[in-house]
Amino acid sequence: MDVAEYRKRTEAALEAARVERAERVDEATPAEALGRLLDGATPVGERLAALQIVGRAAAEDPTVIDRLVDVLADTAALPELREGAVEVLQGLAFLVTVFAPYRPRYHEVLRAMVDDPNPILRRRALAILARYKDEYAQRRLTEGLEHPTKALLPAAKAIQYLGYDIHAEYFPLLRRIVEKPPTVSAKREAIRLLAADPSSKTLLSRVLNDKSEPSRVRQMSALALQSLAPTSFERAARQISLDDTEDDRLRATTIGALARYGTPEPVSRRSTFSRRISEIQTTASSPQLRRASKSYVDRRSG
Amino acid sequence: MIVAGARSAPPIDLRDDDAVAHRVDSVEGPDGQAFLIELMDERHPVYRGRGTTRTIQIRGYAMAAFARVGLPDRALMFLIEELESGVDAFLVAAAARGLRGLDGPERRVVPFLLRALCNIRDRDELLTFATYKPTWPVVGETTTALAEILRTLALLGPHAAFALPQLVELEAGSVGMPAVTRDALQEAIRSVQADPGVLTEADCCRGGEPITPRPDTRRTPRTGQPPFRTRFEDQAGAPVTYGEAFIGAPSVVVFFYTRCTNPNKCSLTITKLARLQQAIGAAGLAGRIRTAGITYDPAFDLPPRLRSYGENRGMRFGPDDRLLRTTTALGPVEGYFDLGVGFGAATVNRHRIEAFVVGPDGRLGASFSRLQWDVTEVRDAAIRLIRQPHPSHGGPT
């Protein structure tokens, strides 16, 4: 038997055993499942299956939520188990009233996890806490952006999480990131959030009109400016839409936005701008641009 | 930016929130109380340019310190406001804790503690006042908003006896709560049932005036003249001046912004403004009393946002009922109405609830601030202005 065949058979046997164990666990009562979950000698596959059963039992017996938080808090537990526990707990958090008494301790455990050596758990903890506008999570995320040696996550991800709170004080920091970005993704995320900052109109306008900027960064600027300053956006978008030297994806974005949100034109101007947009349907080589042009014409004539 | 703070203390740099927190840690006596009261003002320079989370942290840290230095009567309203409408666990905990600085049990605060109990029970968090910027896991005392509310009720003892049914109901759902909350709950239940015979005569007299949002007609604007030159745009994008909007009939004016995330503040304010429109109509006074909501956030709250925000909360728009954004500076409006609002880097970081009745001359008639205002009471305050003789406004329209 060659190695590949041996590997295939072994994997099939392992999978069959896993399914059998999972089926066996599926038949377990919540109390039995809880026992297996907390028993370090039980194989990990069975413990993961037990985790799901325990989670499903929480609506009937909310006290198991504390046991799940215990698993999450146990830094010596297997990473897969802790990752599974956080997913189950997040599902249970939707049962607002049932979950409420347990939430303070759950969040306390998550706060301790922002320094966890496991990057998946660290990211998950920060994502959840940031959604609740948690002061500690925001402070640590901001600290990481200001001092990259203290970063808990890649810059783009940290910005995305900070963005869950439009009342945060990160806007000056975001403007600095746009001027001197650590990565293109970080710049794009920063621009996305600046859509909530009226003092960033000029900056967004400049990025949108700068042909040396990457297309996806300019696209994000277009969307941000449209939300923040529709008149400034429309002025820039009209120019970009008709400029054959511009990036096709960006033109498709601006034409699409004008179709949906643009000011209806006076009849005298419609003939010029709309005719030129209409011509793109037949002259453009980019299918995306042709589709955007057709959408514009359809909406405007409808 | 330097401030002297307490008279006996050296000046501190208000850009440094750690220095402000350090000062809060060290204040005492009447000077300390005065410093903490200054920090209760939304417009205090320490909050300028800061985000809401940091603002909450500074304000809450200062508010909790009233428990240590004593809570004077003039500071009471700030804490009551938070208990009535707050939804942030740290601030609600701070307000409940700060009440323990009262120099005796006051039963009039109990309804607000119970309201806070309802507001926060599904939003509670473990938190600490041991240090201003804690690192988790925290070394030192942790608490929760519920625990702080319950400890204050426990301190009130039999003065809070009528809270017992709600405490018993809370106990039924207490499995799973942190130990600190459960312990505080047990202590509160025991204390409110204590023998009222232990009360002294002096205790019984400390009921105090009921805390209600009575109209304040004595309030004077920070700037003398109404902002006649201020220009606005309404929810349909139509331009209107202050004079056009507010001269000729009494108006009820509220302040709000669409990005407010506290459901008990702006969203409820505009919902109540819509109810007020109905109440005005039901009294047969449509067209004789105007209603308006002015946004704190005019750069973001463009007409389409104002329109959908109002429509979604039941407002009917017309020449007498509008949502407005200033198209000139907000400052003169802010100054005239003496608005309790602070601004962060991009938007509002904190504001109080505020409603005003403006006379037919465009001048301030009455104000209702911090506590929830009552639709009928505000309508009646406006009706009284219809019946007043119409003085000349003396300003440009």
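Throughout, a residue's number is its position along its own chain's written sequence, starting from 1. Ligands are numbered from 1 and chains lettered from A, in the order in which they are written. Reporting of local features is limited, given that this is a predicted model, to residues whose pLDDT is at least 70; pairs of side-chain atoms are given and counted only at 80 or more, and all residues count toward the totals for whole chains, interfaces and linings. Note that water and hydrogens are dropped before the side-chain values are worked out from all heavy atoms of the structure.

1. Points about the overall build of chain B
- Counting its regular elements, chain B contains 16 helices and 13 strands.
- Exposure categories follow from relative accessible area, calculated using a 1.4 Å probe and restricted to protein chains: below 20% of the type maximum is buried, above 50% is exposed, and the middle band is partly exposed. Counting across all 397 residues of chain B, residues that qualify as buried make up 60%.
- For this analysis, residues touch if any pair of their heavy atoms sits within 4.5 Å. Once local pairs closer than 6 in sequence are excluded, the contacts in chain B between residues at least 24 apart make up 72%.
- Of the accessible surface of chain B, which amounts to about 15600 Å², a share of 52% is contributed by carbon and sulfur atoms. A helix here means a DSSP run of H or I that spans at least four residues, while a strand means a run of E at least two residues long, and both kinds are numbered starting from the N terminus. Surface accessibility follows the Shrake-Rupley procedure with a 1.4 Å probe radius. Residue values consider only the protein chains on display as shielding.

2. Observations regarding the overall build of chain A
- When helices and strands are counted, chain A shows 18 helices and zero strands.
- Each radius of gyration is computed over the set of C-alpha atoms, and the globule rule expresses the reference value as 2.2 Å times the number of residues to the power 0.38. What you see for chain A is a C-alpha radius of gyration of 26 Å, clearly larger than the 19 Å of a compact globule of 302 residues, by over 25%.
- By principal-axis analysis of the C-alpha atoms, chain A measures approximately 80 × 50 × 40 Å.
- A total of 302 residues make up chain A; the buried ones form 48% of that total.
- Pairs at least 24 residues apart make up 55% of the contacts formed inside chain A by residues separated by at least 6 positions.
- Placing the 48 positive and 42 negative side-chain charges of chain A at their respective mean positions leaves the two points 9 Å apart. In this count, Lys and Arg are taken as positive residues and Asp and Glu as negative ones, while His and the chain termini are left out. Here the site of a charge means atom NZ of a Lys, CZ of an Arg, CG of an Asp or CD of a Glu.

3. Comments concerning empty space enclosed by the protein
Residues and elements named next belong to chain B.
- Think of a 1 Å grid over just the protein atoms. A cavity is a set of points where a 1.4 Å probe fits yet cannot get out, a pocket is an open set with protein on both sides within 12 Å along at least five of seven lines, and lining residues have an atom within 4 Å of a point. Grid points are joined across faces, edges and corners, and a volume is the space filled by probe spheres set on the points. Tallying each qualifying case throughout the model produces five cavities of 30 Å³ or more.
- The space that makes up the largest cavity amounts to roughly 50 Å³.
- Breaking the lining of the largest cavity down by element, the ones donating at least two residues are helix H12 (242-246), strand S8 (290-295) and strand S9 (321-326).
- For the lining of the largest cavity, the element with the highest residue contribution is S8, accounting for three residues.

4. Section: the nonpolar core
- Among the nonpolar cores identified, the biggest contains 93 residues, and Leu37, Leu72, Tyr106 and Leu110 of chain A are the most heavily contacted of them.
- Among the elements that make up this core, the one with the highest residue count is helix H8 (residues 119-131) of chain A (seven residues).
- Excluding residues within four positions of it along the chain, leucine 110 of chain A makes contact with Leu72, Val86, Ala125, Ile128 and Leu129 of chain A.
- One finds Phe66, Leu83, Ala94 and Leu99 of chain B within the second-largest nonpolar core, a separate group that totals 71 residues. Think of a nonpolar core as a cluster: buried Ala, Val, Leu, Ile, Met, Phe, Trp, Tyr and Cys residues, connected wherever their side-chain atoms sit within 4.5 Å.

5. Notes on the packing of aromatic side chains
Residues and elements named next belong to chain B.
- Two rings from Phe, Tyr or Trp (for Trp, the six-membered ring) form a pair when their centres sit within 6.5 Å of each other. Planes less than 30 degrees apart are called stacked, planes more than 60 degrees apart edge-to-face, and all others tilted. Summed over the entire model, instances satisfying the criterion amount to 16 aromatic pairs over all chains.
- Through a chain of ring-to-ring contacts, the aromatic side chains of Phe255, Tyr257, Tyr296, Tyr336, Phe337 and Phe356 assemble into a single cluster.
- Here the guanidinium or amino end of arginine 23 rests over the ring plane of phenylalanine 35, the centre of that ring lying 5.9 Å away.
- In this scheme, the term charge over a ring applies when either NZ of a lysine or CZ of an arginine sits within 6 Å of the ring centre and within 35 degrees of the ring normal. Between the NZ or CZ atom of lysine 272 and the centre of the ring of tryptophan 373, over which it lies, the distance is 4.6 Å.

6. Structural notes on the sheet that holds S8 of chain B
All names here are of chain B.
- Strand order across the open sheet formed by seven strands is S6-S5-S9-S8-S7-S12-S13, with mixed pairing between neighbours. The open sheet has two edge strands with one neighbour each: strand S6 (239-241) and strand S13 (364-369). Sheet twist, expressed as the average angle between the axes of neighbouring strands with direction ignored, equals 30°.
- Here the rule is simple: two strands pair whenever DSSP picks up at least two bridges between them. Note: strand S5 (residues 231-234) against S6, three bridges, orientation antiparallel. Bridge pairing in S6 places glutamate 233 opposite proline 239.
- Angles shown run from 0 to 180 degrees and are taken between the N-to-C directions of axes, each axis being a line fitted to C-alpha atoms and, for helices, limited to the stretch in contact. Those strands touched by helix H13 (residues 263-282) are strand S7 (251-256), S8 and S9, and its axis lies near 165° from that of S7.
- Its contacts with the sheet place helix H14 (residues 303-312) against S5, S7, S8 and S9, and it is angled at close to 145° to S9.

7. With respect to the packing of helix H8 (residues 145-156) of chain B against helix H10 (residues 179-192) of chain B
Residues and elements named next belong to chain B.
- Across the interface, H8 lies against H10 with an axial gap of 8 Å and an inter-helix angle of 20°. Considering the angle they form, H8 stands roughly parallel to H10. As H8 runs across H10, the sense of the crossing is left-handed. Between H8 and H10, the residues in contact are Leu146, Ala147, Leu150, Arg151, Leu153 and Ala154 and Val180, Thr181, Ala184, Leu185, Glu187, Ala188, Ser191 and Val192, respectively.
- For this classification, Asp, Glu, Lys and Arg are treated as charged, while Ala, Val, Leu, Ile, Met, Phe, Trp, Tyr, Cys and Pro are nonpolar and the rest, including Gly, are polar. Partitioning the contact of H8 with H10 into residue classes produces 10 nonpolar, two polar and two charged. Oblique is the label for any angle not under 35 degrees, not over 145, and not in the 65 to 115 range, which are roughly parallel, roughly antiparallel and roughly perpendicular in turn. By convention the crossing between two helices is left-handed if the near helix lies anticlockwise of the far one by an angle smaller than a right angle, and right-handed if it lies clockwise.

8. Some remarks on the layout of surface pockets
- Its volume calculated, the largest pocket comes out at about 950 Å³.
- Lining the largest pocket are 38 residues; nearest its centre among them are Tyr132 and Lys133 of chain A together with Ile56, Val87 and Asp88 of chain B.
- Mapped by element, the contributors of at least two residues to the lining of the largest pocket are helix H7 (103-113) and helix H9 (135-146) of chain A together with helix H3 (52-64), helix H6 (89-98), strand S3 (126-127), H13 and strand S11 (348-351) of chain B.
- Of the residues contributing to the lining of the largest pocket, the split by class is 15 nonpolar, 10 polar and 13 charged.

9. Describing the interface of chain A and chain B
- Of the residues lining the interface, 35 residues belong to chain A; the matching set on chain B comes to 34 residues.
- With both chains or domains summed, chain A and chain B bury close to 2900 Å², and 54% of this area falls on carbon and sulfur atoms.
- Three residues, Pro104, His167 and Glu169 of chain A, lead the burial of chain A against chain B; their summed loss comes to 23% of the area buried on that side.
- When a carboxyl oxygen of Asp or Glu lies within 4 Å of a side-chain nitrogen of Lys or Arg, that pair is called a salt bridge. At the surface where chain A touches chain B, the tally comes to three salt bridges.
- Its salt-bridge partner being glutamate 125 of chain B, residue arginine 111 of chain A comes within 3.3 Å of it at the nearest N-O pair.
- What qualifies as a polar contact is a pair of N or O atoms within 3.5 Å, subject to a donor-acceptor requirement within protein and to the restriction that residues adjacent in sequence count only when both atoms come from side chains. Linking chain A with chain B are 15 residue pairs in polar contact (both at pLDDT 80 or more), by the criterion used here.
- Where the side of chain A that touches chain B is concerned, the elements lending two or more residues are helix H6 (96-99), H7, H9, helix H11 (171-179) and helix H14 (215-228) of chain A.
- Residue classes in the side of chain A that touches chain B are distributed as 16 nonpolar, seven polar and 12 charged. Summed over both partners, the accessible surface that disappears when two parts come together, traced with a 1.4 Å probe, is what is meant by buried area.

10. Regarding the side chain of aspartate 361 of chain B
All names here are of chain B.
- Following the sequence through the fold, aspartate 361 ends up in the loop between strand S12 (354-358) and S13.
- A residue is classified by how much of its surface remains accessible, and aspartate 361, at 9% relative accessible area, is buried.
- For aspartate 361, the side chain forms a polar contact with the main-chain nitrogen of arginine 363, separated by 3.1 Å.

11. So, the pattern of salt bridges
Residue and element names in this part refer to chain A.
- Evaluation of the coordinates by the stated rule reveals 49 salt bridges over all chains.
- The closest approach of N and O atoms between glutamate 135 and arginine 139, which form a salt bridge, is 2.8 Å. Linking glutamate 135 with arginine 139, this pair stays in helix H9, spanning four residues, or about one helical turn.
- Residues glutamate 143 and arginine 140 are paired through a salt bridge, measuring 3.5 Å at the closest nitrogen-oxygen approach. Within this pair, glutamate 143 and its partner arginine 140 are both found in helix H9, separated by three residues, close to a single helical turn.
- On the basis of relative accessibility, which here comes to 13%, the residue arginine 140 falls in the buried class.

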